[in-house]
Amino acid sequence: MTTRREFLRNLTVAASMAGVAGAPKFSFAQTTGGKTFIKIFARGGADGLHLFPKVNDPFYYQYRPDLAIEAPNQQDANSAIDMGSPHRAMNPNLVLLKEIWEDGNMMIAPSTSFEGANGSHFDCQRWIGTGAQNNYLDGYLNRYLQETPGPDHPIRGAVLGKTSLSTEIRGSIRVPVIDQQSRFDLRNYLFCSGPDCEDNRLTEMMREIASHDVDLSAVENSIRETQLVMLDTIEEVQRAGTDYTPSADGLEYSNSSLGKGLKLCAQLIKAGVPLEVAALDWNIGWDTHSDQIARGANRFIDPNKNYHRAMAEGAQDMLTFYRDMGPAMRDVIVLTGSEFGRTKRQNGSSGTDHGRGGAWWAFGGPVRRQFAEDVPTIDDAVIGSENRLPVVTSYRDIVAEIMVRHMGMDENLISTIFPNHNFNDLRLLAGMS
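In this report, the structure presented in the accompanying data block is examined. (Residues numbered from 1 in each chain as written. Predicted model: local features only at pLDDT ≥ 70, side-chain atom pairs only at ≥ 80, totals over all residues. Heavy atoms only, no water.)

## Considerations on the pairing of strand E8 (residues 332-337)
Moving on, step 1. Counting buried residues in E8 gives 6 out of 6 residues, a clear majority hidden from the surface.
Moving on, step 2. The side-chain alternation of E8 yields two buried faces, one formed by Val332, Val334 and Thr336 and the other by Ile333, Leu335 and Gly337.
Moving on, step 3. Across 4 bridges, E8 lies against strand E9 (residues 358-364) in antiparallel orientation. The residue of E9 that forms the bridge with Ile333 is Gly364. (Buried < 20%, exposed > 50% of the residue type's maximum accessible area, 1.4 Å probe, protein only. Helix = DSSP H or I, 4+ residues; strand = E, 2+ residues; numbered from the N terminus. Pairing = 2+ DSSP bridges.)

Laid out in structure tokens, this is it:
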């Protein structure tokens, strides 16, 4: 009888030839570069001009008389955070990220998106996830897993901290979706004995059934393989430990989807899980069509306004992860971005509408402290009267550089990961770490 692995290899080929929908693909190579790429999606269209205000530009204050954050001023907590740049500063709610910036391990691409951004949340999130204006491609992170050698492991890629599968990692290689470690288990106490279900006969029975080598149809075997992936994933996540205290000098992860996701990343990596790509979400109400600021003296940092409080909480989660990983952070890059930015002018409801270019940023690994190319001004006379900022930097170039320079992917694969894209090497990373 053939082994399960040989059977799966043969089944995958046969199913593909037969046109079976959803036929599983698995990578059985045993080599890994020991690197991790964490992609955080700020869904809703985050306002790049609000995250990193263009404080040297008089048109920023002219077009946003209420929303513009004042230039850095140590006497005013509502003012922007100085980043040593005459052009951009940092939203005061993100002040904890300055530690990473001052460490020289963070880059900001302030005018970034997908070149075909059309202002639709659904289209742009989907196209960014697939890497092209194509709704039927596998996600670019899943294609990375398909095209590069990696370990035969159930958590080579994962969605962490939430319950839905992200487009960028959806595809023919199955990845688990893990909301939080403490709830990720499979138990039925009618099949248990011992404290805390130590003898879980239900999972043992499932594993025995799923591991049995018999001649099944491709569809039946696909279900069986999914069951095995689920069981192996549960085993790995539980092995990472239920109780976890970050090594972050007193900082703690929040209970938000971002905090839970970053905490899981730290747990799994520290437990030796060869996690290569992870998809996380940071959803705080980025779609700020109205009331983007608070009323009163603390209009930019009022903790009673959820938008401000959640922004500060997210910055703390990122710094907690950065500190928690310590020297191991050299093997991890975290990239945050949104589907598009916001309009350069505020609207009549003290908010901003759907734009185009917005802020993306990365830290960790070989990331160098710098700003990517930016618009020189938001002046209509210079960049045009359209109310949406242009896309100066393609997010695909940032992702491709991370995959090549950090993850070690062959540069020739960029055209496979991002079809019909001409790679522009931005040199945002210091080189192979």
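Now that the structure has been shown, the text picks up again.
## Notes on the side chain of Lys305
Moving on, step 1. On the secondary structure map, Lys305 appears in the loop between strand E7 (277-281) and helix H10 (306-325).
Moving on, step 2. Here Lys305 sits buried without a salt bridge, and the closest side chain of opposite charge, Asp291, lies 6.0 Å off (N-O distance).
Moving on, step 3. The contacts of Lys305, once residues within four sequence positions are left out, are Asp291, Gln292, Ile293 and Ala294. (Lys, Arg positive; Asp, Glu negative; His and termini not counted. Salt bridge = Lys/Arg side-chain N within 4 Å of Asp/Glu carboxyl O. Contact = heavy atoms within 4.5 Å.)

## What about the environment of Phe122?
Moving on, step 1. Along the chain, Phe122 falls in helix H5 (residues 121-130).
Moving on, step 2. Looking at Phe122, the relative accessible area reads 66%, which means it is exposed.
Moving on, step 3. For the pair formed by Phe122 and Glu339, sequence separation is 217 residues and the distance between their alpha carbons is 9.1 Å.

## Digging into the nonpolar core
Moving on, step 1. Counting residues in hydrophobic clusters, the biggest one holds 52 residues, and the most contacted among them are Phe52, Leu160 and Phe321.
Moving on, step 2. Here this core takes 9 residues from H10, the largest share from any one element.
Moving on, step 3. Every residue in contact with Phe52, bar those within four places of it in the chain, is listed here: Met83, Arg88, Ala89, Met90, Leu94, Met106, Ile108, Ala359 and Trp361.
Moving on, step 4. Counting residues in hydrophobic clusters, the runner-up holds 38 residues, among them Leu141, Leu145, Ala400 and Ile417. (Core = buried A, V, L, I, M, F, W, Y, C linked by side-chain atoms within 4.5 Å.)

Take it as geometry only, folks, not as evidence of what the structure does.
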